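# Close look at the chain arrangement
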Amino acid sequence: MPVTTLDPTTALVLIDLQKGIAGLPTAPHPAAEVIARGARLAAAFRARELPVVLVNVTGGAPGRTETAPHGATPPADWAELVPELDRQPADITVTKQQWGAFHGTGLDLELRRRGVTQIVLAGIATSIGVESTARAAHEHGYHVTLATDAVTDLDEAAHRHSLEKIFPRLGETGTTEAILALLG
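Residues numbered from 1 in each chain as written. Predicted model: local features only at pLDDT ≥ 70, side-chain atom pairs only at ≥ 80, totals over all residues. Heavy atoms only, no water.

## Remarks on the nonpolar core
Our working rule: Among the buried residues, those of types Ala, Val, Leu, Ile, Met, Phe, Trp, Tyr and Cys that are joined through side-chain atoms within 4.5 Å form a nonpolar core. Burial classes follow relative accessibility: with a 1.4 Å probe on protein chains only, a residue under 20% of its type's maximum area counts as buried, one over 50% as exposed, and anything between as partly exposed. Going along the chain from the N terminus, every DSSP run of H or I of four or more residues is numbered as a helix, and every run of E of two or more is numbered as a strand. Only heavy atoms matter for contacts: two residues are in contact if any of them lie within 4.5 Å across the pair.
If you look at the biggest cluster of nonpolar residues, it comprises 28 residues, and the most contacted ones within it are L12, L14 and L17. Listing elements by their share of this core, those giving two or more residues are strand 1 (10-15), helix 2 (31-47), strand 2 (52-57), strand 4 (118-124), strand 5 (143-152) and helix 6 (176-183). Per element, the largest residue contribution to this core is seven residues, and it comes from helix 2. Setting aside anything within four residues of it in sequence, one finds L17 in contact with V34, I35, V55, L81, V82, L85, G123 and I124. In this structure, V53, A136, V144 and V151 belong to the second largest nonpolar core, which totals 26 residues.

Pasting the structure below:
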């Protein structure tokens, strides 16, 4: 369902727009375009005094997987948020250790304290951190909106699957421009 409305207390949640991930090859959108769109959304949400959540990841879940984790030690600034987001003192920051921004963090509490009923999601990677966060938000009872041109992935087929098959079951989707138009 295309995005139809934004609740009066909607938060923007930007997933893993950090130096280490922004440097990876992404598709279908280059990371720089996703970051620029995320920054536009953040500025618009801040201008309307709506919550902006900046999420980064510093670890990974400990379970066994068939795909081996990256063994190299990341650079010291790997988890730093990209400067284009123009982090502000009122922004909520969440550091996660898993794919999703809800599990093991205080994100739900931070949103509920502010009366948030809807989240707009953007970030990298569509099929990993963004999708996990969207699923958890839906399970927590939030209205979920995904900015379709402000997400990208390391795998274009996985990105497409999330957009076409998963997100329509979790909420609404729309472009950055459509979301900005609803903000007014």
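What follows picks up the thread again.
## Let's talk about the packing of helix 4 (residues 126-139) against helix 5 (residues 156-170)
Rule in force here: Here an angle of 0 to 180 degrees is reported between the N-to-C directions of two axes, which are lines fitted to C-alpha atoms, with helices fitted over the stretch in contact. The scheme is simple: roughly parallel for angles under 35 degrees, roughly antiparallel for over 145, roughly perpendicular for 65 to 115, oblique for anything else. Nonpolar residues are Ala, Val, Leu, Ile, Met, Phe, Trp, Tyr, Cys and Pro. Charged residues are Asp, Glu, Lys and Arg, and all others, Gly as well, are polar.
One way to put it is that helix 4 packs onto helix 5 with a least axis distance of 10 Å and a crossing angle of 5°. The orientation of helix 4 relative to helix 5 falls into the category roughly parallel. Of the residues in helix 5, those in contact with T126, S127, V130, E131, A134, R135 and H138 of helix 4 are A158, H159, S162, I166, F167, R169 and L170. Partitioned by chemical class, the residues of the contact of helix 4 with helix 5 number six nonpolar, five polar and three charged.

## Details of the sheet that holds strand 2
Working definition: the strands of a sheet are paired by backbone hydrogen bonds and lie parallel or antiparallel to each other. Test applied: Two strands make a pair as long as DSSP finds a minimum of two bridges between them.
One open sheet holds the six strands; their spatial order is 3-2-1-4-5-6, and the pairing between them is parallel. Each end of this open sheet is capped by a strand with a single partner; those strands are strand 3 (92-96) and strand 6 (172-174). Geometrically, the sheet is characterised by an average inter-axis angle of 25° between neighbouring strands, direction not taken into account. Both strand 4 and strand 5 contribute to a ladder of six bridges, which runs parallel.

## Brief notes about helix 2
Rules: What a helix is expected to span follows from its residue count: subtract one and scale by 1.5 Å.
Given a rise of 1.5 Å per residue, 17 residues ought to cover 24 Å, and the 24 Å separating the end C-alpha atoms of helix 2 matches this to within 8%. Along its buried surface, helix 2 packs onto strand 1, helix 1 (19-22), strand 2, strand 4, strand 5 and helix 6.

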